[in-house]
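Architecture and fold: a report
Read off the chains here:
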Amino acid sequence: MNLFGPALGIVTLLVIGLGFVWVVRVERSLGYLWWPYFLAGGILLLGGSLFIASDWGSALAGLVGASLAWGATELKVQAIRAELGWYPFQGKKRRPPFAERIARWKAPNL
Amino acid sequence: MARNLLHLNPTGLAAGLAAFLGIWFGHVVVRAVERRSASIHLPAAAFLLAGLLLEAGAMLAPQPPLSAALGILGITAGWDALEFFRQQRRVMCGHAPANPSNPRHVRILAEHKAATTLDLLDRQPLGRPVTPEQAQALVSGQSQEAA
């Protein structure tokens, strides 16, 4: 019997749970325009997981990469939730490099 | 270089893709089914059963990448079973749009003052807080679509 997959499933719940937290905090302090950086970080981590020999290490890198990429797609909606008062709103954000250019792109929302 | 490529470990890629696609699939399907289904208990039970079967498959899979993918998909399916109830709660609070063609949502609209047929999240961020009235006005053009 192989317990690797079910154990990784439990770890996935923890990673997704942390994803809820960091999306709220990142949007509050940095703003949703950082989404391309988190998406790129997630994809890099996912690709980097191919070069980790340990199955657990590779799987954790892949999971965290997926969580970063998914969180990137949630940042825009989280910004609207904060505007609606469903989460605390903070107007002063730390803008990302190339913010003006990123603002012209359509933020992903799956 | 060629030697390193032969030793790529696909476990992380399988885990990451299973997590991303599993979350995406659940996100879309739970919202769509909860919106249309008169009862959420049957679809929730189906997702829970699918999750248990996927976990059984993960335990029987000999290769780590396959076991990882099945284990993660099983857990996300099990979580989706719970998400049907969380999504219904969002509809009650007005955080997700109610479907006036669904009898269960019609009851929610009658019993919960905050429930609405508008999708208040279907717009671009403005960078400032909005009042409930402004929030509705910003998306009111889509009320027919939401219905």
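This text follows the structure it describes.
I will try to describe carefully the structure that is included in this document. Everything numeric in this text was worked out from a predicted model, so none of it was measured.

Brief notes about the side chain of A:Ser67
Residue and element names in this part refer to chain A. Within the element layout of this structure, Ser67 appears in helix H3 (residues 55-83). Note on Ser67: relative accessible area 14%, which makes it buried. Other than its neighbours up to four places away in sequence, Ser67 contacts Val15, Gly19 and Trp22.

Comments concerning the nonpolar core
Membership of the largest hydrophobic core comes to 15 residues, with the highest contact counts inside it found for A:Leu8, A:Leu63, B:Ala15 and B:Ile72. Residues contacting A:Leu8, with those up to four places away along its chain left out, are A:Trp56, A:Ala59, A:Leu63, B:Ala15, B:Ala68 and B:Ile72. Among the nonpolar cores identified, the runner-up in size contains 14 residues, and A:Trp35, A:Ala72, A:Ala99 and A:Ile102 belong to it.

Structural notes on a nonpolar patch on the surface
On the surface, a nonpolar cluster with roughly 420 Å² of combined accessible area is contributed by A:Leu13, A:Phe20, A:Val21, B:Trp79 and B:Leu82. Listed by contribution, the elements that provide at least two residues to the nonpolar patch are helix H1 (4-29) of chain A together with helix H4 (64-93) of chain B.

A look at the packing of aromatic side chains
Per the counting criterion, the structure on display carries seven aromatic pairs over all chains. The rings of A:Trp70, B:Phe20 and B:Trp24 are connected pair by pair, giving a single aromatic cluster.

With respect to H1(A)
Three or four residues apart is the spacing at which side chains of an α-helix point the same way, because the helix has 3.6 residues per turn. For H1(A), spanning 26 residues, the distance from its first C-alpha to its last is 37 Å, which sits close to the expected 38 Å at 1.5 Å a residue. Of the residues trailing H1(A), A:Gly31 is marked for its positive phi of about 100°.

A closer look at unusual backbone geometry
All names here are of chain A. Even without being glycine, Phe98 reaches a positive phi, approximately 65°. Mapped onto the elements, Phe98 comes out in the loop between H3 and helix H4 (99-104). Classification of Phe98 as exposed rests on a relative accessible area of 59%.

Some points on the layout of surface pockets
Estimates place the volume of the second largest pocket at around 320 Å³. Residue composition of the lining of the second largest pocket, by class: nine nonpolar, three polar and four charged.

Some thoughts on the environment of B:Phe47
All names here are of chain B. Tracing the chain through its elements places Phe47 in helix H3 (residues 41-60). With twelve residues separating them in the primary sequence, Phe47 and Arg35 have C-alpha atoms 16 Å apart. Apart from residues lying up to four places away in sequence, Phe47 is in contact with Phe25, Val29, Ala77, Gly78, Asp80, Ala81 and Phe84.

So, the interface of chain B and chain A
Taken together, the contact pairs 45 residues of chain B with 40 residues of chain A. For the pair chain B and chain A, the two sides together bury roughly 3,500 Å², of which 71% comes from carbon and sulfur. Of all residues in chain B, B:Asn9, B:Met59 and B:Leu121 give up the largest surface area on contact with chain A, accounting jointly for 18% of the area buried on that side. Inspection of the region where chain B meets chain A yields one salt bridge. If you list the elements that add at least two residues to the side of chain B that touches chain A, you get helix H2 (11-36), H3 and H4 of chain B. In terms of residues, the side of chain B that touches chain A owes the most to one element, H2(B), which gives 13 residues.

So, the packing of H3(A) against H2(B)
In the contact formed by H3(A) and H2(B), the axes pass within 7 Å of each other and the chain directions differ by 35°. As for how H3(A) packs across H2(B), the hand of that crossing is right-handed. Side by side, H3(A) and H2(B) meet where A:Asp55, A:Ser58, A:Ala59, A:Gly62, A:Leu63, A:Ala66, A:Ala69, A:Trp70 and A:Glu74 of the first sit next to B:Thr11, B:Gly12, B:Ala15, B:Gly16, B:Ala19, B:Phe20, B:Ile23, B:Trp24 and B:His27 of the second. Residues that form the contact of H3(A) with H2(B) fall into these classes: ten nonpolar, six polar and two charged.

About the thresholds
Residues numbered from 1 in each chain as written. Chains lettered and ligands numbered in written order. Predicted model: local features only at pLDDT ≥ 70, side-chain atom pairs only at ≥ 80, totals over all residues. Heavy atoms only, no water. Helix = DSSP H or I, 4+ residues; strand = E, 2+ residues; numbered from the N terminus. Buried < 20%, exposed > 50% of the residue type's maximum accessible area, 1.4 Å probe, protein only. Contact = heavy atoms within 4.5 Å. Core = buried A, V, L, I, M, F, W, Y, C linked by side-chain atoms within 4.5 Å. Patch = residues over 30% accessible without salt bridge, like charges linked within 9 Å, V, L, I, M, F, W, Y side chains within 5 Å. Areas by Shrake-Rupley, 256 points an atom, 1.4 Å probe, with all protein chains shown as cover. Salt bridge = Lys/Arg side-chain N within 4 Å of Asp/Glu carboxyl O. Phe/Tyr/Trp six-rings, centres within 6.5 Å; stacked < 30°, edge-to-face > 60°. Expected span 1.5 Å × (residues − 1). 1 Å grid on protein atoms, 1.4 Å probe; cavity = no way out; pocket = protein on both sides within 12 Å on 5 of 7 lines; lining within 4 Å. Points joined across faces, edges and corners; volume = space filled by probe spheres on them. Nonpolar A, V, L, I, M, F, W, Y, C, P; charged D, E, K, R; others polar. Buried area = accessible area lost by both parts, 1.4 Å probe. Axes fitted to C-alpha atoms, helices over the stretch in contact; angles between N-to-C directions. Left-handed = near helix turned anticlockwise from the far one by under 90°.

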